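The lines below spell out each chain.
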Amino acid sequence: GLGDVNEGVRSGSRNAARDIVALFGSSEEAIAFFLPQFESVLKTGQTDDQMLDPLSAEKVPKTIAASDYRKEGVVVSLGSIALHLKNDADEDKIDGIVDMLLTVLKTPSEDVQSSVALCLSKLMKKGRTQQRIETLLNDLMTECIHGSSLASRRGAAYGISAAVKGSGIASLKKYEVVKRLEEACTSGSPNSKEGALFCIELLSSRLGILFEPYVIVLLPALLKAFSDSNDHVRTAADKTVGLIMGNLSGHGVKLVMPAVLDAFNEPEWRTKQASIHMLGSMSHCAPKQLAKCLPQVVPKLTEAFSDTHPKVKNSATEALEEICKVIKNPEISSISDTLLRALTDASGTLHALEALISTEFVHAIDAPSLSIIVPVVHRGLRDRAATTKRYAALISGNICTMVADARDFVPYLPILLPDLKSALLDPIPDVRSISAKSIGSLTRGLGEATFPELRPWLVDTLRSEEGSSVERSGAAQGLSELLVAGGARLTEDVMINEILPLKSHPKAGTREGVLWVLTFLPSVLGQAYSSLIDESLPALLSGLADDNETVRDVALRAGRVLVRSHGKAHKDKILPSLEEGLSNEDYRIRVASLTLLGDLLGMLGGTKVGKANTDTQDDIRQAERAQAQIALALGNETRKRVLSSLYLSRSDTAAVVRQASVQVWKSVVSVTPRTLREILSELVDQIVTALASGDPERTQVAGRCLGDIVQKLGDQVLPEIIPVLRDNLYRGDEFTRQGVCVGLAEVIDCSGREQITKYLDILVKVVQDALCDEDDEVRTMAASCFQNLYNLVGNRTLDEIVPALLVAMESTDYDTKTRALNGMTGILGVRSRELLPYIIPRLLKTPLSISHADALGSISAATSGTIHMHFNSIIPTLVMEVASFSEMDLDEEEKEREEAVCNCFRAVCHNVDTLGVSRLISEIVNKFAHDKASVRKTACWSYQVIVEERKEAADFYEEVPVILRELLHRLNDDSKDVLKANNAALGALTKCVPAEELVTHIQYVRNLIASMVSDARYRKGGVGDGDFFLPGFNMPKGLEPLMPIYQRGILYGNATIRETAAAGLGELITITANKFLAGPFLIKLTGPLLRIVGDRNPPAVKIAIVQTLGLILTKGGPVLRAFVPQFQTTFVKALSDPSRQVRIEAIKALALLMPLSTRVDPLIKELVATSLGKGSTATTVETAGMVAIQTATLEALAVVLKHGGAKVKIAESIPSSLDAGKELLSTHEDDGIRESAAKVIGYACERLGVDTADDLLEEYVIEKAEDLSSCSLETKHGIACICRRVFSRSIGKDVDRDIYKNVTVIIQTLMKDEKTMVKEAACVAIGAVLGSSTEVNSTISLVEKSMVKCMDTKEELDVQQAVANGLCITARLQPGVFRTQEGLVLINSALKMALSGAQRVQFSYNDFLWIALDAKNGDSGLEEYLSLAHFDNAKKMQAVFSKVLVKIKGVNDDEL
């Protein structure tokens, strides 16, 4: 029976054999009987024929299968026998059974081997098996890995699993089973790998969950086996992994999955393929574990389809097919092929999604189904096509309602949620809408706690400034769906505490996000939103007024959604806010409120606000029906109030508001005049309220509306409106009165002449009282009323109002007079041309009263554009009035009148229009030349007032030359009062006009002052060339008003302006006495000049600046001692200037500086270095320029030694100067440098004493002149120059007389030299030698012949002139010598040259005669000469003296 072909027979036989052995196999006899039988069968697989009786042996199956079946049955029976073997005596039997079973394991039958394994596992702890376990395992491992046949390797694997199962899990580690298996899998032969995989498979099967920890260890080996080149190995690996996956627990899946996924990411395609096989094998997992792993498995498999290797793709397809095989949902199974195609080919995504949508699901979706659906949905959400994304989003939201357990869907949320978020921010509205609903569905199905980060993300997206409006819209829609899914309590809590507080957020994007939520939430939440209406309306209204256009658009959209969804049910909550919005100051809110009001009224009335301006019969009938339905819905009072507000908006200042209100009005009102009559009382109340609001815009709107009503209703409304306005004028506050004036102006403007005439008495009184109101705004608006009334009625208005105001202006009551003046001012503001000729003469009656002066000042403010036409009468009157106060002793009343007139003049100057400024200034010009000093003073004051009052307007700049001309001419005025007023006017001019504007007139100012000074010198006479001081400057702070102009010109002007400013400043200082040039004032002048003199200015500018600095030094003296270093640096730097005149002026300035300088030594040192070509400029200046600089430096050095040599403190300073002079005199080829060096030598010798002079003359004159014929031109010229300079000094007379005599001879010899330059220098030097003589008479006789010989017209002009210069030196050093008999020959010769020589020669000899005759001190010198001279010479001398010499002012003796 055990070998029967029928399974039932075999099963019954096995059970019978097992039961027999179990019942009767406990005895020794039974065991002894059974064991041989069983052993025989196990060896042969056949039955003993002797035991078959009475059965026929032919009926017993002899096939291999039958043999295997018998062995399987016998193994089962052996297991039953083994249960009875317990005593130690049975150990041999147990060992025998074990050996027998181990032998049977080689049977090539899976069933037999499985049965043997079950039996062996029970025997592992019986008898001596535990002592044999290591040997058994080693043998089995060897057979399993190295067995020659498949059956032996498979059987050994069964044996290992049974041994481990029976002896305990610890044996795996103890006997290194796993390690040996791992080594065999990775490095063995194909048979070894296959055997090892068999062992791993059976161990996992038999040990179950206990084997999981070792799976992780073996996983790399298993993955490698999947990519083995041997088919048998790969098949074994596939089967092994499938069995392992089927036995994995949830924890096991978590352990295995990371390693498998890491393998998937390996670049080797075989490894990747192996991991795919393993991922596919996970389909064998238990349902619970399958649900956990599939969310990770399927996406990876899907990812494999993009691999480049075809085998990887094929493996992924096979793996997915394996997963599809375990799908239990019949609907998904039916479309699994479509889904698989979508996973393998992206183009099939839409078709798969359509298949999913069209499928009607009856059964719940299981985990394998989800694993296939979600990747398709995931791909759909990422597709570009809107339809695909829409379908995918729809399926995403519906899936959680179709799964058996919602928790199966949770693992897929990390995959789908990011895509849903992206779809939520999609530009296409449908995609956003469906995505938002999907999020709501997921929230309802899974609970918000499943994705706690979703709501914060939505709120952050709402608030993000980086996102677009579309993204904020999607986030708001998603948030709305999420909140609704969470319940009403959650919605209310989040809105009140999180969303609505953001309505006033500083960022526009955040405010927009709030309004997007308010756009979607009402329709999603339905009637439950009613509790949030009150809280959301303020956010809506603030959004309507937002500065950002996008925010306003969203707010309007949200408002329309609210009106459409809750307008009818909650009109009482919505309507007041809309009415309030109609009067909001922001026109955007008004437009939006009108739009929303139109939607609400259209909904209540069953009509729609149209955009066309047609009034067809259908439109009228529709509006009629709407009006009736609105009245029923709102009630009569509310309807009147709403329609009144709506009609008021038709007159709005903003065109867009007017247009919107007209459209709404036409949609709900059929006949406007009839409706106006119905709502008139309410409308008038609202108009009056708006007029009295104090808001200029609302007041204007109300006035327009009032005018519109008057136009439409005419006489029907006037009797009702005018009394109301009049009463409010007298009873209301200033805002009410302003509004009344606006309303009156509109009423008058919109009414006809006949209509207004009926109410003229009332209107005239009202307008007059309004014109006299104390509030400026009321008067301004009343003037508009007056203008409209005048245009309508004509002069009758003036006749009724103006005379009464003029009478009131003369009243003694201050309030009455003030009110009348206010009224007159208001009228003049609109009708000035007609009234000014009538009023001005009456106000200008002299003497001017205080009231008239005040009135004129007030009138000028109202008539600024026309009052200048009357300046020919106003300005002279005011000027003469102001001047008259200077000629009298004023009491208190007169002082008040003077103040009033002055204030009146200021008011006129301040209020006149720009066109009248020129006329105003020209009217005052002729007053500057008035005979009376008081008038001239007032004219100066008038200009001061003009520039002060017109400072802000700055419209008198074109007249600045006129103002400057008149004010500068007054600087020479005889009156001190005029001078003070003029000074104040000039000060005001320079304060009120920017210096950059005034500096453009600096040349004009300079010319004016020069002209005026010249004229003053001429007119006053006797001044001649002496000092003249301008009176306007010779007073305290007399120069200060003009200083800003000159300082600006010096510091910031161009070259021309700087030159003019610097030179002009010097001229001002010249005509100002020293006592008015205070120290601080001079210091203030000095700073700018010193600051810019070093800039790159043209020579003319530098000359002017240096000259002015010299003048300042002359005037300032010790006050400027602190500036000496800056002066010194400036002048020394100027010595190196390319311009000769600049250098000359710098030398002169240094001479002026020396009396103030206390540190002369550094200056001498610097000048010495520069003169020797060793200064800072030596390397940067070319040779010719360097000669000029050296010359100037030597001249400066001479000046310093002359004026400051006494202040030298360092002993080497003057000797160094002397050495520098010697060096240049003897070596330099330039004659100018030699002359300047000689000058330095002369002053140095004077400071060092006569011994130095003697040594010098001995060395540089006498020794070098020993052989004059061989001396160079330069040497001879130098000798003459030294003699001239040394003997010109005071030490000349102290020079050793022997040296003196030798020098005299040398000079006389040089006077005969053939070189003009030498001869010229010697002719000058002889004069110095003669002047230093101690025995002048004898010396004259010695040199007379030589000198007279050179005074010949046949000589070179330079030589003739040189003799004259030498004689000048003699005359200075020996006064009176030429008025003696000994000097007569020389002076007569000079007289001859003065009469007959060339012009420049004559000038030189005239200078000599002026000195010789002491013409400076009168004619006593002439008389002395005349007493000695012959008649002819005396006559000639008298003529020269009277015609020439007396006119000479002085002769420069700097050249001595």
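No experiment lies behind these values; they were computed from the predicted model shown. Numbers given for residues are sequential positions, taken from 1 along each chain in its written order. In view of the model being predicted, local features appear only for residues whose pLDDT reaches at least 70, and side-chain atom pairs are presented and counted only at 80 or more, with totals across whole chains, interfaces and linings using the full set of residues. Values reported for side chains reflect all heavy atoms of the structure, with hydrogen atoms and water molecules removed beforehand.

### Details of the packing of helix 44 (residues 850-862) against helix 46 (residues 892-911)
Turning to step 1, where the next piece is worked out: A fitted line through C-alpha atoms serves as each axis, taken over the contacting stretch for helices, and the angle formed by two N-to-C directions is quoted from 0 to 180°. By the criteria applied, helices consist of DSSP H or I runs no shorter than four residues and strands consist of E runs no shorter than two, each listed in order from the N terminus. Contact pair helix 44 / helix 46: the axes reach a minimum separation of 8 Å and the direction vectors enclose 10°. Judged by the angle between their axes, helix 44 and helix 46 are roughly parallel. Side by side, helix 44 and helix 46 meet where Ile-850, Ala-853, Asp-854, Leu-856, Gly-857, Ser-860 and Ala-861 of the first sit next to Glu-896, Arg-897, Ala-900, Val-901, Cys-904, Ala-907, Val-908 and Asn-911 of the second.
Turning to step 2, where the next piece is worked out: Residues belonging to the contact of helix 44 with helix 46 are distributed by class as follows: nine nonpolar, three polar and three charged. In what follows, roughly perpendicular refers to angles from 65 to 115 degrees, roughly parallel to angles under 35, roughly antiparallel to angles over 145, and oblique to any angle outside these ranges. Contacts are residue-level and defined by heavy atoms, with any inter-residue pair within 4.5 Å sufficient. Each residue receives one of three labels: charged for Asp, Glu, Lys and Arg, nonpolar for Ala, Val, Leu, Ile, Met, Phe, Trp, Tyr, Cys and Pro, and polar for the others, Gly being one of them.

### Quick word on the packing of aromatic side chains
Between two aromatic rings, the relevant description is the distance of the centres plus the angle of the planes.
Turning to step 1, where the next piece is worked out: Two rings from Phe, Tyr or Trp (for Trp, the six-membered ring) form a pair when their centres are within 6.5 Å of each other. A pair whose planes differ by under 30 degrees is stacked, one over 60 is edge-to-face, and the rest are tilted. Within the structure shown, the criterion is met by eight aromatic pairs.
Turning to step 2, where the next piece is worked out: Aromatic side chains Phe-928 and Tyr-943 sit 4.8 Å apart centroid to centroid with 40° between the ring planes, which places their arrangement in the tilted category. Here Tyr-943 lies in helix 48 (residues 933-949) and Phe-928 lies in the loop between helix 47 (914-925) and helix 48, a separation of 15 residues in the sequence. For the pair formed by Phe-928 and Tyr-943, the shared burial category is buried.
Turning to step 3, where the next piece is worked out: Note on criteria: charge over ring means Lys NZ or Arg CZ within 6 Å of the ring centre, with the direction from the centre no more than 35 degrees off the ring normal. Note that Arg-1297 overlies the ring of Tyr-1300, its terminal NZ or CZ placed 4.1 Å from the centroid. For each residue, the accessible area found with a 1.4 Å probe, counting protein chains only, is set against the maximum for its type, and the residue is called buried under 20%, exposed over 50%, and partly exposed in between.

### Points about the pattern of salt bridges
Turning to step 1, where the next piece is worked out: Each reported salt bridge corresponds to a side-chain nitrogen of Lys or Arg within 4 Å of a carboxyl oxygen of Asp or Glu. Counted according to the given criterion, the structure contains 26 salt bridges.
Turning to step 2, where the next piece is worked out: Its salt-bridge partner being Arg-906, residue Glu-948 comes within 3.1 Å of it at the nearest N-O pair. Taken together, the residues Glu-948 in helix 48 and Arg-906 in helix 46 connect sequence positions 42 residues apart.
Turning to step 3, where the next piece is worked out: With a relative accessible area of 29%, Glu-948 lands in the partly exposed category.
Turning to step 4, where the next piece is worked out: The closest approach of N and O atoms between Lys-1319 and Glu-1355, which form a salt bridge, is 2.9 Å. Of the two residues, Lys-1319 sits in helix 66 (residues 1316-1331) while Glu-1355 sits in the loop between helix 67 (1336-1350) and helix 68 (1357-1373), which places them 36 residues apart along the sequence.
Turning to step 5, where the next piece is worked out: Beyond isolated ion pairs, a larger network of salt bridges with shared partners links Arg-590, Asp-652 and Glu-697.

### So, the environment of Tyr-412
Turning to step 1, where the next piece is worked out: Inspection of the secondary structure puts Tyr-412 in the loop between helix 21 (386-399) and helix 22 (413-424).
Turning to step 2, where the next piece is worked out: On the accessibility criterion, Tyr-412 (2% relative accessible area) is buried.
Turning to step 3, where the next piece is worked out: Along the primary structure Tyr-412 and Val-374 are separated by 38 residues, whereas in three dimensions their C-alpha atoms are 7.2 Å apart.

### With respect to the packing of helix 45 (residues 871-884) against helix 48
Turning to step 1, where the next piece is worked out: Running from amino to carboxyl end, helix 45 crosses helix 48 at an angle of 120°, the nearest separation of the two axes being 8 Å. It follows that helix 45 is oblique to helix 48 by the angle criterion. Once helix 45 is placed against helix 48, the crossing between them reads as right-handed. Across the interface between the two elements, Val-879, Met-880, Val-882 and Ala-883 of helix 45 pack against Ser-934, Val-935, Thr-938, Trp-941 and Ser-942 of helix 48.
Turning to step 2, where the next piece is worked out: When its residues are assigned to classes, the contact of helix 45 with helix 48 shows six nonpolar, three polar and no charged. For a crossing to be left-handed, the near helix must be turned anticlockwise from the far one by less than a right angle; the clockwise case is right-handed.

### So, helix 35 (residues 672-691)
Turning to step 1, where the next piece is worked out: Taking 1.5 Å per residue as the helical rise, helix 35 with its 20 residues ought to reach 28 Å, whereas the 23 Å between its terminal C-alpha atoms falls clearly short.
Turning to step 2, where the next piece is worked out: The set of residues buried in helix 35 consists of Thr-672, Thr-675, Leu-676, Ile-679, Leu-680, Leu-683, Val-684, Gln-686, Ile-687, Val-688, Ala-690 and Leu-691. By this rule the span expected of a helix is its residue count minus one, scaled by 1.5 Å.

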